[in-house]
Amino acid sequence: MGNQVKTPPQADKHLLQIDRRHVWHPFTKVGAKDPIVIESGEGAVLRTDEGREILDCISSWWVNLYGHGHPHVANAIHAQALKLEQVIFAGFTHEPAALLSEQLADVLPGDLNRVFFSDNGSTSVEVALKMAAQFWQNQGQQRTRVMVFDGGYHGDTVGAMSVGVSSGFFDVWKKWLIDVDVMPFPETWAADPELEAKEAKALQRVDEFLEQHAEEIVAMIMEPLIQGASGMRMCRPEFLRALVERLRNHEIIVIFDEVMTGFGRTGQRFACQTADITPDIICLSKGLTGGFMPMSVTVASDRIYDAFETNDASSMFCHGHSYTANPLGCAAALASLDLLKSSETDHNWRRIEAAHRKGLQRLSEFPLATRQRIRGTIAAVNVAVDDTGYQSHVADQLKSFFWNPEGDRDSFLIRPLGNVIYLMPPYCMTDEQLDRAWQAIFEAFQLLAK
Ligand SMILES: Cc1ncc(COP(=O)(O)O)c(C=O)c1O
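As the structure is a computational prediction, the values presented were derived from the model and not from experiment.

**Comments concerning the nonpolar core**
A general tendency of soluble globular proteins is for nonpolar side chains to be buried together.
For step 1, the next point in the chain: Residues Met232, Ile255, Leu363 and Phe402 are the most contacted members of the largest nonpolar core, which totals 137 residues.
For step 2, the next point in the chain: Among the elements that make up this core, the one with the highest residue count is helix 11 (residues 327-340) (nine residues).
For step 3, the next point in the chain: When residues are assigned to domains, this core turns out to be shared by domain 1 (10-57 + 343-449) and domain 2 (71-340), each giving three or more.

**Some details on the sheet that holds strand 15 (residues 411-413)**
For step 1, the next point in the chain: The mixed open sheet is built from four strands, whose spatial order is 1-2-3-15. Bordering the open sheet on either side are strand 1 (38-42) and strand 15, each of which pairs with just one other strand. With direction set aside, neighbouring strand axes in the sheet form an average angle of 30°.
For step 2, the next point in the chain: Its contacts with the sheet place helix 13 (residues 394-403) against strand 2 (45-48), strand 3 (53-56) and strand 15, and it is angled at close to 130° to strand 15.

**Considerations on the domain arrangement of the protein**
For step 1, the next point in the chain: With domains assigned, the protein is organised as domain 1 (10-57 + 343-449) and domain 2 (71-340).
For step 2, the next point in the chain: Domain 1 and domain 2 are separated by 27 Å when their C-alpha centres are compared.
For step 3, the next point in the chain: Taken together, the 21 residues of domain 1 in the interface contact 28 residues of domain 2.
For step 4, the next point in the chain: Summing both partners gives a buried area of about 1,900 Å² for domain 1 against domain 2, and 64% of it is carried by carbon and sulfur.

**Focus: the sheet that holds strand 16 (residues 420-423)**
For step 1, the next point in the chain: Read across the open sheet, the three strands follow the order 13-14-16; overall the sheet is antiparallel. Because the sheet does not close on itself, it has two edges, and the strands there are strand 13 (369-375) and strand 16. Neighbour-to-neighbour, the strand axes of this sheet turn through a mean angle of 15°, independent of strand direction.
For step 2, the next point in the chain: One ladder, built from five bridges, connects strand 13 with strand 14 (residues 378-383); its direction is antiparallel. Of the residues in strand 14, the one forming a bridge with Thr370 is Asn382.

**With respect to the confidence of the model for the protein**
For step 1, the next point in the chain: Summarising the model, the protein shows a mean pLDDT of 95, and 97% of its residues fall at 70 or more.
For step 2, the next point in the chain: Ranking the helices and strands of the protein by mean pLDDT puts strand 11 (residues 281-284) first, with 99, and helix 1 (residues 10-22) last, with 83.

Here is what the cut-offs are and how they apply
- Residue indices begin from 1 for each chain and proceed along its sequence in written order.
- Residue-level local features of this predicted model are given only where pLDDT is at least 70; pairs of side-chain atoms are given and counted only at 80 or more, and the full residue set underlies all totals for whole chains, interfaces and linings.
- For side-chain calculations, the full set of non-hydrogen atoms in the structure is used, while hydrogens and water are omitted.
- The definition of a nonpolar core used throughout is a set of buried Ala, Val, Leu, Ile, Met, Phe, Trp, Tyr and Cys residues joined through side-chain atoms within 4.5 Å.
- Categorising residues by exposure relies on relative accessible area from a 1.4 Å probe, with only protein chains included: less than 20% of the type maximum marks a residue as buried, more than 50% marks it as exposed, and the intermediate range marks it as partly exposed.
- Put simply, DSSP marks the helices as runs of H or I at least four residues long and the strands as runs of E at least two long, and each gets a number from the N terminus on.
- An automatic or database domain assignment is the source of the domain bounds shown.
- Only when DSSP finds a minimum of two bridges between them are two strands counted as paired.
- Between the N-to-C directions of two axes lies an angle of 0 to 180 degrees, each axis being a line fitted to C-alpha atoms and, for a helix, fitted only over the stretch in contact.
- When checking whether two residues touch, look at their non-hydrogen atoms; a contact exists if any pair is within 4.5 Å.
- Using a 1.4 Å probe, buried area is obtained as the accessible area two parts lose upon being combined, added over both of them.
- Within a predicted model, pLDDT stands for the predictor's per-residue confidence, ranging from 0 to 100.

This is the structure:
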């Protein structure tokens, strides 16, 4: 990776001035350092306006699955744009939406057959919660309680913030949120001696809660296997199965938020398959379009959909967005599904997991590198510091080390979640690139150990 830095052209300096004056960036302190200007991307590499190459080790906020600028997806969007770019989706349909719905129903387990479109992960969660609440209402039941897990994150809109309240990101808006019931999450890692005790404690709490409130519960929502934003916190499939068995005994709606885990992240197409569970509702976004277009789907089982099949207008699901089922998004998602189904993708998942095992193994010499964990293409390790969590002091230090503003080493887009360093690469990342990413993490620990 040649990092020959060229003098930034005047136009790009101008660009930063404009950005500083007019752009409000997400999850960024006002007055923070200037953002990095990205001009292009190819495969796992992003290129800055200065010609610097950055290895994208987090798939650009977990969305880019098959590499930047993948021609199969890009061409599909181009062809669709020349044919039909957008049409109202209430009372109308179109080929890419119908075909995509059919294909999603085909790749998802069980009777997850009813596809509702929206634009981003947060809205896919809002839709799931509203569907679940109205499912009961349409049958004459007013249920209000929602079961969630400690540390869960589901997006930034009001309903999504409510069910993700324990992630710690939303204290400012606490008074605005709907009440939820938070269960303990049995977070685990390699050689965790307390694993079984934590799972037993969590299940006991669930049992107690169900005994008291089963008839009031709208749904249980969780990120299956991996809680992403709160620090790549992982649990075992065995725990999920024990949990869902209990919920099934009370016919409680199971919502899996697979916005992050969907489309291969956990080493199978969906985390629910890794856990051998079919939820009643699944939320998908991020990798849905391979990282090309903002789009999401909330896919419901036939049981959920059937509760809306009535002539009574008040039973209709009153939800929709201007860009619902945008044809360009659907075309990108269809092209992405082609890539998902290819044997090369499957091979890449195994290859990346093997590289992660090797990389984490190398860190075992550092006492500071704790709680090592892998699930499919995601690997994480904690830096053992006193101030853990998103605001940990090591986060900015590490981000800057990996980005390497001096440009004398390779640059990596590795963005620690507080004191948690993780890799979630696009599936096209080569062994050589993965090796370099793990070497950078090794060097970061060398530095921290000094
Ligand atoms: C599990 C999960 N759900 C929902 C969301 C929200 O998605 P979006 O940022 O597209 O609104 C995210 C985003 O990181 C997520 O990880």
